[in-house]
Amino acid sequence: MIKYIVENIGGVGLFGVISILLFFVFFTGMLLWAAFLKKPFLHSMGELPLDDCECKQTKDQSSHNHE
Amino acid sequence: MTTTNTNIETFKYDNRIVRAFAIMTVVWGIVGMLAGMLAAVELFYPGANLNLQYITFGRLRPLHTNAVIFAFVGNGMFMGIYYSLQRLCKARMWSDKLSWFNFYGWNAIIVAAAITLPLGLTTSKEYAELEWPIDIAIAIVWVAFTINLMATIIKRRERHMYVAIWFYIATALTVAVLHIVNSMEVPAGWFKSYSMYAGVQDALVQWWYGHNAVAFFLTTPYLGMMYYFLPKAANRPVFSYRLSIIHFWALIFVYIWAGPHHLLYTALPDWAQSLGMVFSLMLIAPSWGGMLNGLLTLRGAWDKVRQDPMLKFMVVAVTAYGMATLEGPTLAIKSINSISHYTSWTIAHVHTGALGWNGFLTFSVLYYLFPRLYKTNLWSTKLANYHFWIALLGMMFYIVPIYVAGVTEGLMWKQFNKDGFLQYPNFLETVVQIIPMYKLRAIGGTLYISGMFLMAYNLYKTAKAGVFEPDTEAQAAPLTRDYTEKPGKHFWHHWLESKPIIFTGLAIIAVLIGGAVEIIPMFLIKENVPTISSVKPYTPLELMGRDIYIREGCVGCHSQMIRPFRSETERYGEYSKAGEFVYDHPFLWGSKRTGPDLHRIGGKYPDAWHYNHLENPRSTSPGSIMPNYPWLLSQDLDTNALPARISALRKVGVPYPVGFENGDAQKDMQAQQAKVVTDLKVGMVTADPNKEIIALIAYLQRLGTDIKAAPVAPAAPLTTK
């Protein structure tokens, strides 16, 4: 059944044009979106992995180990 | 408007599951690399399998690749995701049961692979070799993982989804799609199946899968881990969060289009090849954006890199990512690919990625996690530093000789003398030339594994010195439902993040567009695979022989795809046409020529030559590194399997007459067996018609003969023992 449906899709020649349009729309949209994000927000997002208490306890661990 | 919530909740992160995956990462890493070591030794000492069929190079290679990709990197990926996801979401995994189902299910699948692959139970499709019952198990376990991942994200206590989580979502969904589409097969018994696709279409689907398995199994989850663990270890935020957003969307959108670069100059239609090449080149941009983002995170913190082995491993991993993602697109340029393809160059390329990117990043995360899970310091920083240098040296000793080998092969295969003939017409000349490089490679591999053992010991001692913390307590306020963001100020970003399901939907659309644009026209446009009327389905005996060819993993060393270059048509014969493969379920084009191409081997040598060659390749081809196949001479052909196989192939479109398998096929098979035995007698070989080797010879003699106008008489002189 799937084969039948696929074989009967009309206008397959448009695939190339559609794909190139999709590509440009996608990238333009994505770059504009990223360009308009504000610095304080981006800063707070970048800090997310550091936002827990676990990094302190093992800080500088190498100086207290086996050697 | 933001509503403050003072209702702080206390909860626990699950460390047990992280530890379980971490331990199995180390165990499978050692197992997978040892399998690779043995395979590497067999390439210069073919007797290293001790004439055991279960560990020939052909069966060992998929075991090695599956163990490293799905066992070592797979467990490493789950280790990193289960640790970082909980902390980034400020929530325990949604379901402990699903977490453990993921762990036991995944590792049971790996055990099943470790049993079935040496037994020769394989589909032969690279990185998708496991047979259908295991394929179904993979799908079930993967769905359990995805549900757990998504449910954890939905019930998170952190408003924002950090970019690492985006990479995890893309991984979960895309791997599911790739696995299901590429594993469409019709069973012909419990551990035998035939791909639903044939020839060119099978090749395109396979490399759409194969390429994106690299992208979404080996790359995106590890990029997520890089974006979490690198800032943690350096104790500073990622260099540019804006760049990480562009990195994510550009990577997942572009990667999926690039698959056809594995099939340049093959019988794949030219438009698909060009599409693959262009998108491969575009991939440099997001990949290098990500690499620079990682390395620049360490700006001003390079003093830490000198002191902390974990960061050293991370720096090399990110650098290797950059090198591999520059080299990949370079190899996708058609003119470069014409020299590099089928050579060891590709092997060097993938090992830059596997040893450098995946290996070093996994080591880095392991060194980070163990002291934290066991609430202690790393037992020995000095030992970790030794590991770093041994592994780095090992990696160099591995890849540099293999690059030399690859370039040597590529040039020798194409070299013509002043009279216009091939300079090295005997393929063996090019094999013997690179054996010293194979030996050096084995030394590099040994060094790299030695480092693994040092790490395993160091982590074991760390665990012994500390006390395992099964749960880490944490506190956070739950998210409130009445949170709204002012329109115009990151409205879309917040809207997208607050709806993980919609985010997931958009990510999967981005991924699927590329696949759809490539694959649907391949199935639609009949001109893509011009039919050749003289191409007929395999006879029953040839079919059984082909299944032995698949079982033995011959495709690991021999291609069946002659590219339209004079250097190839001079050496092998007429170039391969798309229409010649319409009954090939699965396709067997291969990706590496450790031995010569076999597409036109049919009729090139007499049956007795094949018999002697398979029994001991050095009897006909002195210096050959192919293993002996003595069991093919002694094992009976499993004729009981024939009806199910013919029936399954009919279901996927091979025009065997209805009822053919109920008597006619058997008669046809016996007649052809008798003919092969008669032909063998001419070469002074007496053989039993029911042995496996008879079927394999029948298959080899059929290869590439359909388009020849008249049968070609054996040309080579007879060689007897």
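All values reported here derive from a predicted model rather than from experimental measurement.

Undergrad: How do you make sense of the overall build of chain A when you look at a structure like this?
TA: When helices and strands are counted, chain A shows four helices and zero strands. Walking chain A from its N terminus toward its C terminus, one meets helices and strands in the order α-α-α-α. The buried share among the 67 residues of chain A stands at 10%.

Undergrad: Whenever I open this one, the overall build of chain B confuses me. Can you help?
TA: Check the secondary structure of chain B and you find 26 helices and four strands. The C-alpha atoms of chain B give 27 Å as radius of gyration, which agrees with the globular expectation for 721 residues (27 Å, within 12%). Dimensions of chain B, computed from C-alpha atoms along their principal axes, come out at roughly 90 × 50 × 50 Å. For chain B, the residues scored as buried account for 55% of the 721 residues in total. Partitioning the intrachain contacts of chain B with sequence separation of at least 6 by distance along the chain shows that 84% fall at a separation of at least 24.

Undergrad: What exactly am I supposed to notice about the confidence of the model for chain A here?
TA: In low-pLDDT regions, the fine details of the predicted coordinates are not to be read closely. Residues and elements named next belong to chain A. Put simply, chain A has an average pLDDT of 67, and 52% of its residues get 70 or more. When pLDDT is averaged over each helix and strand of chain A, the minimum, 45, is found for helix α4 (residues 54–57) and the maximum, 87, for helix α3 (residues 39–46). Segment residues 55–67: pLDDT under 50, and 22 contacts once partners within four positions in sequence are set aside and those in other chains are kept.

Undergrad: Please explain the nonpolar core as it appears in this structure.
TA: Where a protein is soluble and globular, its nonpolar side chains tend to be buried together. All names here are of chain B. Phe21, Tyr82, Ile165, Ile252, Ala317, Leu366 and Leu696 are the most contacted members of the largest nonpolar core, which has 222 residues in total. Broken down by element, this core gets its largest block of residues, 23 residues, from helix α6 (residues 199–234). The residues that make up this core include at least three from each of domain 1 (11–517) and domain 2 (540–702). Contacts of Leu696, omitting those with residues within four sequence positions, involve Gly545, Ile548, Tyr549, Leu614 and Leu632.

Undergrad: So what exactly am I meant to see when it comes to the packing of helix α1 (residues 16–42) of chain B against helix α13 (residues 344–373) of chain B here?
TA: When two helices pack together, you describe them by how their axes are tilted relative to each other and by the distance separating the axes. All names here are of chain B. Contact pair α1 / α13: the axes reach a minimum separation of 11 Å and the direction vectors enclose 135°. Considering their axes alone, α1 and α13 lie oblique with respect to each other. With respect to the hand of their crossing, α1 and α13 are arranged in left-handed fashion. Residues Val18, Arg19, Ala22, Thr25 and Val26 of α1 touch α13, and the partners they reach there are Thr362, Leu366, Leu369 and Leu373. Along the lines of polarity and charge, the residues of the contact of α1 with α13 split into six nonpolar, two polar and one charged.

Undergrad: Help me understand the packing of helix α21 (residues 607–615) of chain B against helix α26 (residues 692–702) of chain B, please; the structure alone is not making it clear to me.
TA: Residues and elements named next belong to chain B. It is at 10 Å that the axes of α21 and α26 come closest, and there the two elements cross at 125°. By the criterion of interaxial angle, the relationship of α21 to α26 is oblique. α26 is crossed by α21, and the crossing has right-handed handedness. Across the interface between the two elements, Asp607, His610, Tyr611 and Leu614 from α21 touch Ile693, Leu696, Ile697, Leu700 and Gln701 from α26. Looking at the contact of α21 with α26, its residues break down into six nonpolar, two polar and one charged.

Undergrad: How should I be thinking about the environment of Ile154(B) in this particular structure?
TA: Mapped onto the elements of the fold, Ile154(B) is located in helix α4 (residues 132–154). Once the C-alpha coordinates of Ile154(B) and Trp94(B) are considered, the two residues, 60 residues apart in sequence, prove to be 9.1 Å apart.

Undergrad: Just checking my understanding: could you explain the domain arrangement of chain B for this structure?
TA: You'll often see interface size given as the accessible area lost when the parts meet. Residues and elements named next belong to chain B. Under the domain assignment used here, chain B contains domain 1 (11–517) and domain 2 (540–702). Once you take the C-alpha centre of each, domain 1 and domain 2 turn out to be 34 Å apart. Residue-level contacts link 47 residues of domain 1 with 49 residues of domain 2. Elements that contribute at least two residues to the side of domain 1 that touches domain 2 include exactly α2 (57–89), β2 (185–187), β3 (193–195), α6, α14 (381–414) and α15 (427–433). Take the side of domain 1 that touches domain 2: its biggest share by element is five residues, from α2. Considered class by class, the residues forming the side of domain 1 that touches domain 2 number 23 nonpolar, 16 polar and eight charged.

Undergrad: Where do I start with unusual backbone geometry in this structure?
TA: Trans is the common state for peptide bonds, and a negative phi is the common state for residues other than glycine. All names here are of chain B. A cis amide bond, omega -5°, links His585 with the succeeding residue Pro586. Despite not being glycine, Leu50 has its phi angle at roughly 55°, a positive value. Within the secondary structure, Leu50 is located in the loop between α1 and α2. The phi dihedral of Lys375 is positive, around 50°, even though this residue is not glycine.

Undergrad: Explain the confidence of the model for chain B here, please?
TA: Residues and elements named next belong to chain B. Model confidence for chain B is summarised by a mean pLDDT of 91, while 94% of its residues fall at 70 or above. Confidence drops under pLDDT 50 across residues 710–721; counting only partners more than four residues distant or on other chains, this segment forms 23 contacts. Reported for the predicted complex are a pTM of 0.91 and an ipTM of 0.71.

Cut-offs and rules
- Position numbers for residues start from 1 in each chain and track the written sequence from start to end.
- Chains carry letters from A onward and ligands carry numbers from 1 onward, assigned in written order.
- Per-residue local features of the predicted model are confined to residues with pLDDT of at least 70, and side-chain atom pairs are confined, for both listing and counting, to 80 or more; whole-chain, interface and lining totals are unaffected and use all residues.
- Comment: elements are numbered from the N terminus, with helices defined as DSSP H or I runs of at least four residues and strands as E runs of at least two.
- In this scheme the burial state of a residue depends on its C-beta neighbours within 10 Å: 20 or more other such atoms mean buried, 12 or fewer mean exposed, and anything in between means partly exposed; the C-beta positions come from the backbone.
- With C-alpha atoms as the basis for the radius of gyration, the globule rule is written as 2.2 Å multiplied by the number of residues raised to the power 0.38.
- For the purpose of contact definition, each residue receives a C-beta atom placed from its backbone, and two residues are in contact when these atoms lie within 7 Å.
- pLDDT gives the predictor's per-residue confidence on a scale running from 0 to 100.
- The term nonpolar core refers to a group of buried residues, namely Ala, Val, Leu, Ile, Met, Phe, Trp, Tyr and Cys, whose C-beta atoms join them within 7 Å.
- What fixes the domain bounds is an automatic or database domain assignment.
- Note on geometry: axes are C-alpha line fits, over the in-contact stretch for helices, and angles between N-to-C directions span 0 to 180 degrees.
- These descriptions rest on fixed angle ranges, namely under 35 degrees for roughly parallel, over 145 for roughly antiparallel, 65 to 115 for roughly perpendicular, and the rest for oblique.
- Here a crossing is called left-handed whenever its near helix is offset anticlockwise from the far helix by less than a right angle, and right-handed whenever the offset is clockwise.
- Classes in brief: Ala, Val, Leu, Ile, Met, Phe, Trp, Tyr, Cys and Pro nonpolar; Asp, Glu, Lys and Arg charged; the others, Gly included, polar.

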